[in-house]
Structures are given as structure tokens and as C-alpha cells.
Amino acid sequence: SIGGSGSDVDISISILNVKTSEQSVLIRAMTDEDGMLALDANLLPKIQTQLGLSDSASRARDPEASSNVFRLYAKGRAVLDDAEGLHSGNRIEIYAEALRWFEKALEANPKHAPSLMYASRSIVEQQRLGGLDAKASQKAVDYANSAIRADPRNVQAFLSLGEAYRSRGDLASA
């Protein structure tokens, strides 16, 4: 369900276990002071438990740290949304800013696959627009490879790797 008034947004998402007909609220999010959606810090463990994916490593994670990683990642994605339709000079700066947010998320969790993937894409786009030299493409390849290691089933991470190889002219690897 989505509700709210003015600029405030309140989102609640539930999951239904079809075997037991049990319904659980997974996400409760509200806009914070920056206008970003602030998620329930226990979101990841709740989803993993409901899907039967809980393991000792995920239980040991700090839910507050996971929430912070997602917040930083979400800020990077919001910056990328602003890049649509802008002049290429302005887009270079926007991709650079987005990259900074993704790298902050990676400081908190170096294996956060979405941040790794979008960091790679941000570098590739800066190169494509003439904002970075060819040496930066290796960093894009490294980020994409790390995203694949973090989440080998993420097709978008493989696409990012191909784009990174293409950006440095390595079409055989792409």
C-alpha cells in the first residue's frame, strides 16, 4: 500500500506465504529529512527469513549498516535519474556524483552488488561522454567483475561487464 500527503510518502509491502496463508509486513518506508525513503533497518533479515534464505552470515550482519548501504546506493540511483535528458557536460558531473555515492556505499559494504554494478556503469558513461580517460575503464571492469562475484545470478552485472569491456575497446571480451 502507498499513502501519504504532500511530499511525505508512506509505503508498506507485505508478503503472503501461499503454503500457510500467513501474511507478514516486510517493508515499512517513509520519507526522511532529505526526501529519500527511509527503510525499516530489519528489511533484509525479514525478507531472508520469509524466503527461507537465512544463514548465519546474514544473521550476523548489522541491520543498521545494511540500511545505510541501501540509503547511499539509493542516493546514487536518484542522482542517475537526474541525468536523463541533460546536456552531456552536465551528465558527466552527474555520473561522477553518482559514482561518489556508490563508492560510499561500497566503503560500508564492499560486496554490495548493485553499488558495484552502478559504479561500473557510472564510469563507463563518464568515459562515453568524454569525461574520463581510457585508464578508468579497468576500474569499471573491476567493479563489474566484483558485482558478478557478489551476485553471480545478476544478469545486469554481466551486462555491465560487457559494457565496461566495450568501453575500453575489448570487443572480444565484451
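These notes cover the structure that comes with them. (Residues numbered from 1 in each chain as written. Predicted model: local features only at pLDDT ≥ 70, side-chain atom pairs only at ≥ 80, totals over all residues. Heavy atoms only, no water.)

1. Observations concerning the packing of aromatic side chains
Within the structure shown, the criterion is met by 4 aromatic pairs. With centroids separated by 6.1 Å and ring planes inclined at 50°, the aromatic side chains of Phe70 and Tyr73 adopt a geometry described as tilted. Placement of both Phe70 and Tyr73 in helix H3 (residues 63–82) is noted, with a separation of 3 residues, approximately one turn of the helix. A residue is classified by how much of its surface remains accessible, and Phe70, at 35% relative accessible area, is partly exposed. Through a chain of ring-to-ring contacts, the aromatic side chains of Phe70, Tyr73, Phe102 and Tyr118 assemble into a single cluster. Across from the ring centre of Trp101, 4.5 Å away, lies the NZ or CZ of Lys104, which sits over that ring. Its guanidinium or amino end placed over the ring of Tyr118, Arg121 lies 5.4 Å from that ring's centre, counting from NZ or CZ. (Phe/Tyr/Trp six-rings, centres within 6.5 Å; stacked < 30°, edge-to-face > 60°. Helix = DSSP H or I, 4+ residues; strand = E, 2+ residues; numbered from the N terminus. Buried < 20%, exposed > 50% of the residue type's maximum accessible area, 1.4 Å probe, protein only. Lys NZ or Arg CZ within 6 Å of the ring centre and 35° of its normal.)

2. Describing helix H5 (residues 113–128)
For H5, which comprises 16 residues, the first-to-last C-alpha distance of 23 Å matches the rise-based estimate of 22 Å (1.5 Å per residue) to within 8%. Most of H5 is tucked away, with 13 of its 16 residues classed as buried. Phi for Gly130, located one or two positions after H5, is positive at around 90°. (Expected span 1.5 Å × (residues − 1).)

3. Observations concerning the pattern of salt bridges
Scanning the model with the defined rule gives 3 salt bridges in all. Arg121 is paired through a salt bridge with Glu163; the nearest N and O atoms lie 3.7 Å apart. In this pair, Arg121 sits in helix H5 while Glu163 sits in helix H7 (residues 155–167), placing the two residues 42 residues apart along the sequence. Residue Glu163 is classed as partly exposed on the basis of its relative accessible area, which comes to 23%. The partner of Glu125 in a salt bridge is Arg128, and the shortest N-O contact between them spans 2.5 Å. On the criterion of helical spacing, the pair formed by Glu125 and Arg128 is a turn pair, its members being 3 residues apart in helix H5. (Salt bridge = Lys/Arg side-chain N within 4 Å of Asp/Glu carboxyl O.)

4. What to know about the nonpolar core
Grouped together as the largest cluster of nonpolar side chains are 31 residues, with contacts concentrated most on Leu80, Phe102, Tyr118, Ala119, Ile123, Tyr143 and Leu161. Of all the secondary-structure elements, those providing two or more residues to this core are H3, helix H4 (88–108), H5, helix H6 (136–150) and H7. No other element matches the 8 residues that H4 contributes to this core. (Core = buried A, V, L, I, M, F, W, Y, C linked by side-chain atoms within 4.5 Å.)

5. Some words on the packing of H5 against H7
Two elements in contact, H5 and H7, have axes separated by 9 Å at closest approach and are oriented at 30°. The angle between H5 and H7 falls in the class roughly parallel. The handedness of the crossing between H5 and H7 is left-handed. On H7, the residues that touch Met117, Ser120, Arg121, Val124 and Gln127 of H5 are Gln156, Ala157, Leu159, Ser160, Glu163, Ala164 and Ser167. (Axes fitted to C-alpha atoms, helices over the stretch in contact; angles between N-to-C directions. Parallel < 35°, antiparallel > 145°, perpendicular 65-115°, else oblique. Left-handed = near helix turned anticlockwise from the far one by under 90°. Contact = heavy atoms within 4.5 Å.)

6. Considerations on the packing of H5 against H6
Each packed pair of helices is defined by two parameters, the angle between the axes and the distance between the axes. Two elements in contact, H5 and H6, have axes whose closest approach is 8 Å; the angle formed by their N-to-C orientations is 160°. With respect to H6, the axis of H5 lies roughly antiparallel. As H5 runs across H6, the sense of the crossing is left-handed. Taking contact as the criterion, the partners of Ala113, Leu116, Met117, Ala119, Ser120, Ile123, Val124 and Gln127 in H5 are, on H6, Ala136, Ser137, Lys139, Ala140, Tyr143, Ala144, Ser146, Ala147 and Ala150.

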